[in-house]
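Residue-level structural notes
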Amino acid sequence: MNVTLAVKQYISKMIESSGPGMKVLLMDKETTSIVSVVYTQSEILQKEVYLFERIDSQNRDSMKHLKAICFLRPTKENVQHLIQELRRPKYSVYFIYFSNVISKSEIKTLAEADEQEVVAEVQEFYGDFIAVNPHLFSLNLQGVARGRSWEPSMLTRCTQGLTSVLLALKKCPMIRYQLSSDMSKRLAESVKQIITKEYELFDFRKTEVPPLLLILDRSDDAITPLLNQWTYQAMVHELLGLNNNRIDLSRVPGISKDLKEVVLSAENDEFYANNLYLNFGEIGTNIKNLMEDFQKKKPKGQEKLESIADMKAFVDNYPQFKKMSGTVSKHVTVVGELSRLVSERKLMEVSEVEQELACQNDHSNAQQAVRRLLQNPRVSELDAVRLVMLYALRYERHSSSILPSLMDELNRRGVSERHRRMVQAVVEYGGKRIRGSDLITPTDAVAITKQFFKGLKGVENVYTQHQPLLHDTLDQLIKGRLKDSQFPYLGASSLRDRPQDIMVFVIGGATYEEAQTVYNLNRNTPGVRIVLGGSTIQNTKSFLEEVMLATGQSSSSSSGERSQGTGRHSNRR
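Predicted model, so just to flag it, every value in this text is computed and none were measured.

**A word on the packing of helix α20 (residues 469-478) against helix α21 (residues 512-524)**
In the contact formed by α20 and α21, the axes pass within 9 Å of each other and the chain directions differ by 30 degrees. Classified by the angle between their axes, α20 and α21 sit roughly parallel to one another. Relative to α21, α20 is oriented so that their crossing is right-handed. Across the interface between the two elements, Leu470, His471 and Leu474 from α20 touch Glu514, Thr517, Val518 and Leu521 from α21. A per-class count over the contact of α20 with α21 returns 4 nonpolar, 2 polar and 1 charged.

**A look at the packing of aromatic side chains**
For the coordinates displayed, the defined rule picks out 12 aromatic pairs. Taken together, Tyr10, Tyr97 and Phe125 form an aromatic cluster joined through their ring pairs. Lying across the ring of Tyr39, Lys8 places its NZ or CZ 5.0 Å from the centre. Here the guanidinium or amino end of Lys13 rests over the ring plane of Phe125, the centre of that ring lying 5.8 Å away.

**Points about the confidence of the model for the protein**
Residues of the protein with pLDDT of at least 70 account for 88%, and the chain-wide mean is 86. This model gives residues 442-459 a pLDDT under 50, and the stretch forms 8 contacts once residues within four places in sequence are excluded. A low-confidence stretch, residues 556-572 (pLDDT under 50), is modelled with 65 contacts involving residues beyond four sequence positions or located in other chains.

**Comments concerning the pairing of strand β10 (residues 174-177)**
Here β10 shows no split at all, with Met174 and Arg176 on one side and Ile175 and Tyr177 on the other all buried. Here β10 runs beside strand β11 (residues 212-217); their pairing, made up of 4 bridges, is parallel. Bridge pairing links Tyr177 to Ile215 in β11. As a crossover connection, the stretch from β10 through helix α7 (residues 182-197) into β11 is left-handed.

**Details of the sheet that holds strand β7 (residues 136-138)**
In space, the 6 strands of this open sheet follow the order β6-β7-β16-β15-β11-β10, with mixed pairing throughout. The open sheet has two free edges, formed respectively by β6 (130-133) and β10, since each of these has just one partner strand. Adjacent strand axes in the sheet meet at a mean angle of 25 degrees, parallel and antiparallel pairs treated alike. Packing of α7 onto the sheet brings it into contact with β10, β11 and β15 (501-507), and relative to β11 it is tilted by some 150 degrees.

Conventions and cut-offs
Residues numbered from 1 in each chain as written. Predicted model: local features only at pLDDT ≥ 70, side-chain atom pairs only at ≥ 80, totals over all residues. Heavy atoms only, no water. Axes fitted to C-alpha atoms, helices over the stretch in contact; angles between N-to-C directions. Helix = DSSP H or I, 4+ residues; strand = E, 2+ residues; numbered from the N terminus. Parallel < 35°, antiparallel > 145°, perpendicular 65-115°, else oblique. Left-handed = near helix turned anticlockwise from the far one by under 90°. Contact = heavy atoms within 4.5 Å. Nonpolar A, V, L, I, M, F, W, Y, C, P; charged D, E, K, R; others polar. Phe/Tyr/Trp six-rings, centres within 6.5 Å; stacked < 30°, edge-to-face > 60°. Lys NZ or Arg CZ within 6 Å of the ring centre and 35° of its normal. pLDDT = per-residue confidence, 0-100. Buried < 20%, exposed > 50% of the residue type's maximum accessible area, 1.4 Å probe, protein only. Pairing = 2+ DSSP bridges. Right-handed = clockwise from strand over helix to strand, strands pointing away.

Written out as structure tokens, the structure reads:
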């Protein structure tokens, strides 16, 4: 179960099917992202693809010596663009691949437009999602909910994305969903409807234990996306923002032109692949080792590299080093910027208090710690608000809650009204009234004992004590203890054996911390394979935007992207 490999194989197959000769790859906005996350431009160039174009671009030249490989989402707009293209073809021959199910009527319309008979092939290749890591996918959708209900176009797009993942992985699963979330049930039913309607597509070889799709709602755990992170991938997304594996570094003080936007991809960057889930301290050490290895190869100029600043200076002073080691200069820059932000925003102190709020149950300590940080001018507005949100979620019904006075403190600090409104919005989105789980206080004796022992043992790292709720949910699922009363099956049948292939989808977005949980479970649980997906991959900023859209308090009226419905089919893969 590897989503990256599934998409890569689809793209390879498309290019190979068109045979030898020079090619152009014609895509839309979304499929451009889908391809760019799994393949570099240079890799595709090696396959004789010399041009990359957008189907909606008006000023493309006619190049009859090129074959066109079209990889498009099956939307009404794309079908219209294709009709225009086929009426006045710019390339010699067209191989058309849709990323999802396309209706027979639309195939007929395309055939009628192909008067010059330039179309060699029309197929469906189900790569309708962003493969972020081998076990993590995203649909890049922001603002899927209105209140506790679906934004209708988002339900359609999530259904398409999820069924496409199932088809790409060749799985026809049993479905379980979170009972406390009506949106989970709606999505489960919508996916089931497509599986039933397209039963021929889902007719895969039966396995001994059927695969399982588990649909969850972000509102059940609003704490995880609010925490600062300390492992490489999660930290980069939290502090710098990872968008389709790209980081915008243009605002970094003194950044060189070639590093204004960098790509971090575990597929093509060995250092990143090896350090994805390591904590910040280990990454600093590993970069230092990498730099020292290079220094050993240089006969003179043996400076000592004691700090991140030394490393940056070293890289700047050696242009030839920069050339040889683009990878290293990129990571030194990224880690250097993370370091700067950690010290500028006092993130170690902030994070320690966040972890205490998320994991401990000591109200008097917590309130003093939050107060102390709110009075520190070095703590940023976002971090101040985030601390109050975590306090509000943690001690929502505590008899001595000091939330009103913390809100006054935010006001005194000059925190914007929009940020202050977010505190109430987060409680409305993921507070006790909404949650179906014991996110905060375990109620059964086993869980209480476990927490007690965890407290006794102490934690090796105060910054990473937190485990997402997803860890417990999956742990219970694997052990066959996940309650049907909280996560019912859709339909009459249920799974008697321990599940082996598990696909989890989080409405409202997954996080990189949860992706790491899944990575560790995959490594430590033989015979179990888990893939995690979300409507998007959240960091604190994007999550708060999601919350504001869901609670109707956002200033932006648009909700990310819209997409059209699905239909029937032509040739299937």
